[in-house]
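Read off the chains here:
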Amino acid sequence: MAGGYTGKILRIDLTNKSVSTLDSEKYQEYGGGHGMGSAVFWDLCEDKTVSGFDPKNVVTIMASPFSGTLVPAASGRTEVQGIGVQGYPIEYFTRSNFGGRFCGHMKWAGWDGFTVEGAADEPVWIDIRNGEVEFKSAEGLWGLDAVEAQEEIWRIVQNGEEKEWRELGKERTTQRPAVLTIGKAGETLSRTAALIHDAGNGAGQGGFGGVFGAKNLKAISVLGTGSVEIADPKALMDARLWSMEYAVAGHLDEDYTPLGMGSMFGGAPASGAAGYGPADQPKSPIGCLGCHKNCRARFASAASNGSSCVDYFFYHVYDQAAHGSYTQHILDATEALQRYGINSYQAEGAIIWLNNLHKEGILGPGLEIDTALDFNQLGTAEFAKQFLDMMANGYDVGEALHEGVAYAAEKWGRYEQDTASGILPLQCHGYVQHYDARTEVEWGYGSLVGDRDINEHDFNTLVFWAPSISALFGAQPACSADQLAEIMGEKLSPYNDPMMMDYSDEGIYSESMAKLVAWHRHYTRYYKQSLALCDWAWGDFFNEYGPEGRGMTGEGEPKFYKAVTGIDQSFEEGMEVGRKIWNLDRAIWILQGRDRELEVFTDYNYEVGAVPGYTTYEVPYVVPMYKDGQWVYESAVGRMLDRDKVEEWKTKFYTLEGWDPATGWPTRATLEELGLSHVADDLEAAGKLGS
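Parameters at a glance
Residues numbered from 1 in each chain as written. Predicted model: local features only at pLDDT ≥ 70, side-chain atom pairs only at ≥ 80, totals over all residues. Heavy atoms only, no water. Helix = DSSP H or I, 4+ residues; strand = E, 2+ residues; numbered from the N terminus. Rg over C-alpha atoms; globule rule 2.2 N^0.38 Å. Buried < 20%, exposed > 50% of the residue type's maximum accessible area, 1.4 Å probe, protein only. Contact = heavy atoms within 4.5 Å. Areas by Shrake-Rupley, 256 points an atom, 1.4 Å probe, with all protein chains shown as cover. Lys, Arg positive; Asp, Glu negative; His and termini not counted. Charge placed at Lys NZ, Arg CZ, Asp CG, Glu CD. Phe/Tyr/Trp six-rings, centres within 6.5 Å; stacked < 30°, edge-to-face > 60°. Lys NZ or Arg CZ within 6 Å of the ring centre and 35° of its normal. Pairing = 2+ DSSP bridges. Axes fitted to C-alpha atoms, helices over the stretch in contact; angles between N-to-C directions. Salt bridge = Lys/Arg side-chain N within 4 Å of Asp/Glu carboxyl O. Arc of directions from axis to C-beta.

**Looking at the overall build of the chain**
When helices and strands are tallied, the chain shows 24 helices and 20 strands. Here the chain has a C-alpha radius of gyration of 24 Å; the compact-globule value for 691 residues is 26 Å, and the two agree. Dimensions of the chain, computed from the C-alpha atoms along their principal axes, are close to 70 × 65 × 65 Å. For the chain, with 691 residues in total, the buried portion stands at 64%. Expressed as a percentage of contacts within the chain between residues at least 6 apart in sequence, the contacts between residues at least 24 apart total 70%. Only carbon and sulfur atoms are counted for the fraction: they give 48% of the accessible area of the chain, which is about 23200 Å². Side chains of the chain carry 56 positive and 99 negative charges; the gap between the two charge centres is 4 Å.

**Concerning the packing of aromatic side chains**
Taken as a whole, this structure holds 38 aromatic pairs when the rule is applied. The interplanar angle of 35° and the centroid separation of 5.2 Å between the aromatic rings of tryptophan 353 and tryptophan 412 together place this pair among those described as tilted. Of this pair, tryptophan 353 sits in helix α10 (residues 344–359) while tryptophan 412 sits in the loop between α13 (405–411) and α14 (415–421); the two residues are 59 residues apart in sequence, bridging distant segments of the chain. Owing to a relative accessible area of 0%, tryptophan 353 belongs among the buried residues under this scheme. On the basis of an interplanar angle of 5° and a centroid distance of 5.1 Å, the ring pair of tyrosine 527 and phenylalanine 571 is categorised as stacked. Placement of tyrosine 527 in helix α18 (residues 511–528) and of phenylalanine 571 in helix α20 (residues 571–592) is noted, with a sequence separation of 44 residues between them. Each member of the pair tyrosine 527 and phenylalanine 571 is classed as buried. The positively charged end of arginine 191 is found above the aromatic ring belonging to tyrosine 407, 4.2 Å away from the centroid. When the ring centre of tryptophan 582 is taken as origin, the NZ or CZ atom of arginine 521, which lies over that ring, is 5.8 Å away.

**Observations regarding the sheet that holds strand β7 (residues 124–129)**
Within the open sheet, the six strands sit side by side as β8-β7-β14-β11-β12-β13. Their pairing is mixed. Of all the strands in the sheet, the pair left with one neighbour each is β8 (132–137) and β13 (201–203). Strand-to-strand twist in this sheet, taken as the mean axis angle between neighbours without regard to direction, amounts to 20°. Here four bridges tie strand β11 (residues 178–181) to strand β14 (residues 217–223), and the two strands are oriented antiparallel to one another. Of the residues in β14, the one forming a bridge with valine 179 is serine 221.

**What about unusual backbone geometry?**
Tyrosine 88 connects to proline 89 through a cis peptide bond whose omega is 5°. Tracing the backbone shows proline 89 in the loop between β4 (78–83) and β5 (93–98). Even without a glycine there, the phi angle at alanine 302 is positive, about 70°. Along the chain, alanine 302 turns up in the loop between β16 (296–299) and α7 (309–313). Take alanine 302: its relative accessible area is 44%, and that puts it in the partly exposed class. Phi angles above zero are rare outside glycine, and alanine 532 is one such case at about 70°. Along the chain, alanine 532 falls in the loop between α18 and α19 (556–565).

**A short note on the pattern of salt bridges**
Taken as a whole and judged by the stated rule, the model has 43 salt bridges. Residue aspartate 43 is joined to lysine 26 by a salt bridge in which the shortest nitrogen-to-oxygen separation is 3.7 Å. In this pair, aspartate 43 is assigned in helix α1 (residues 33–44) and lysine 26 in the loop between β2 (18–23) and α1, connecting sequence segments 17 residues apart. On the basis of relative accessible area, aspartate 43 is assigned to the partly exposed category, the value being 39%. What makes lysine 26 exposed here is its relative accessible area of 54%. Of the charged contacts in the structure, one is a salt bridge between aspartate 497 and lysine 515, with a shortest N-O distance of 3.7 Å. With aspartate 497 in the loop between α17 (481–491) and α18 and lysine 515 in helix α18, this pair connects stretches of sequence that are 18 residues apart. As far as burial versus exposure is concerned, aspartate 497 and lysine 515 are alike and both buried. In this structure, a network of salt bridges that share partners links the residues Arg668, Glu672, Asp681 and Glu684.

**As for helix α8 (residues 316–323)**
Buried residues of α8: His316, Tyr318 and Asp319, and no others. For α8, the buried positions fall inside an angular range of 165° around the axis, keeping them on one side. In this structure, the buried residues of α8 make contact with α7, α9 (328–340) and α10. Of the residues flanking the end of α8, it is glycine 324, one or two places downstream, whose phi is positive at about 85°.

Shape descriptors only; they carry no functional weight alone.
Take a look at the structure:
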């Protein structure tokens, strides 16, 4: 068996309160994490068309070969998959993930992953200590918030002996167990419910907190005392030290200038959170297991500890508008979000929408949509807590929002008009706009042909943040537009097309843009979601610490993979594994009802010009473009997408992927080329194989 794997997946059967094991070796060709989870789901979920709330839904929680090792920004990421309940109008098979130390303990306990099947007849939690697994009544946990539930489980497992050595079989430990739990929103089966781990780690998108609630599963606790076998420990240590030359952590004696920064890997400690609290409140960085970067923050008030940027985005602009700067209110509001266990993107979209309806005189006390919310208090922690309580417990406007903003809009009869005007910021498939499809199209297209908001920042910093922030302050980006095109032409193998960076009015509908989106889908499915390289560090394309601005991507991924597993796999071979996983996921969506007609943006993307601050980002959209034979950074503000050209782009993308252009369904030739003939057989039997 290759290094990095334990060889076993734990199957948890809630219906019968029993466990069994699955040999993980047959799934190791998928890497781990997402790929392993998709393949296991395909084999174990007999009916892939059921609701996410159905006991027949199978949830996979997977580690990677890098979990619990020294691989930087990879050791602490856990992948969650299954049929989600957030997707609209179809509850698609989807994914989420979270940081922290859960997957490390999973590996140290001897498991490559967990599957959660069936549903318990009463609330339970799962207590895993190395190879021992117990089903325990959640009678004393049900009703506790996500923080209280973890503290209670720590007390039970540690037997009141915190920080003391405790016997665990033949081993000893001082560690707290790693707990994945739900809050009130999950217990009430909200589609907005998240899974919460430690402080600030959450699997938000997909509504997996509601799925846990439907299974009567309050929490999974895991405590491991083992270790991860590494194929070549010296090579891993050498690779770790080599990678620090690309990070602030390896240059602590040098001045750090965040403006124009292009490398996510190289970023400074607490960079994802420190700016969102009161400026005068002391804070320190905090990070996931084994991370060199530590992007989150711990504030002196202890409120919202461990949260990162998006956790604050649901409310920070209102705090600033009400008080002139960020105050304790945003920290307290974010603390409440974590305790209720609510997806921050759903909360963000809901408040934007409600505030727009309030401004139009539609929503408010005694109005068409009646509510007790007092918008004069918007920006205070009290308003946020009242709003979140409504969402979690399903009363007042929360009666509808408990189902998520898309289903709420349908219930109120406002979906069509509010997504056409854009006052309801849903981009596609029921997910709130994160980055703008009209300007940063690779983000929008990736979400459109996938299952959810992609939330993958590989190109985002380079094509949006760096040039836009630089333009705002009259500075030059650290990476010029022509250098960016040159680097991407080198690194985005196998396409190696510099025109993939052309975000001009013509470039966004080109075959080169189809290549960029395809490359992104394949890269993230394998290297980020299966090997669990953190989205806030990888891919590393431009890096100011690297030779001639080159980052580690293309060299770093296979270097770490070989050191841990002993397998000499080229970067391009890894990309092919990603393409295989992407097609397997695609096949599941096809069985659930996906076709070309369902891959459309909501109307505002075609009818309303892009403006800064549409959701949360008040920064002008400046992106790379190729104009008159020159690479430049220019504003794309005001742009709308052209419906016909988007359809033409879809045809180019489907053709590039080997899918039927008429339906978007994979063909047998494509699936067999990837070793997925059994998937082609199932699609054909369902009458959904592309031709």
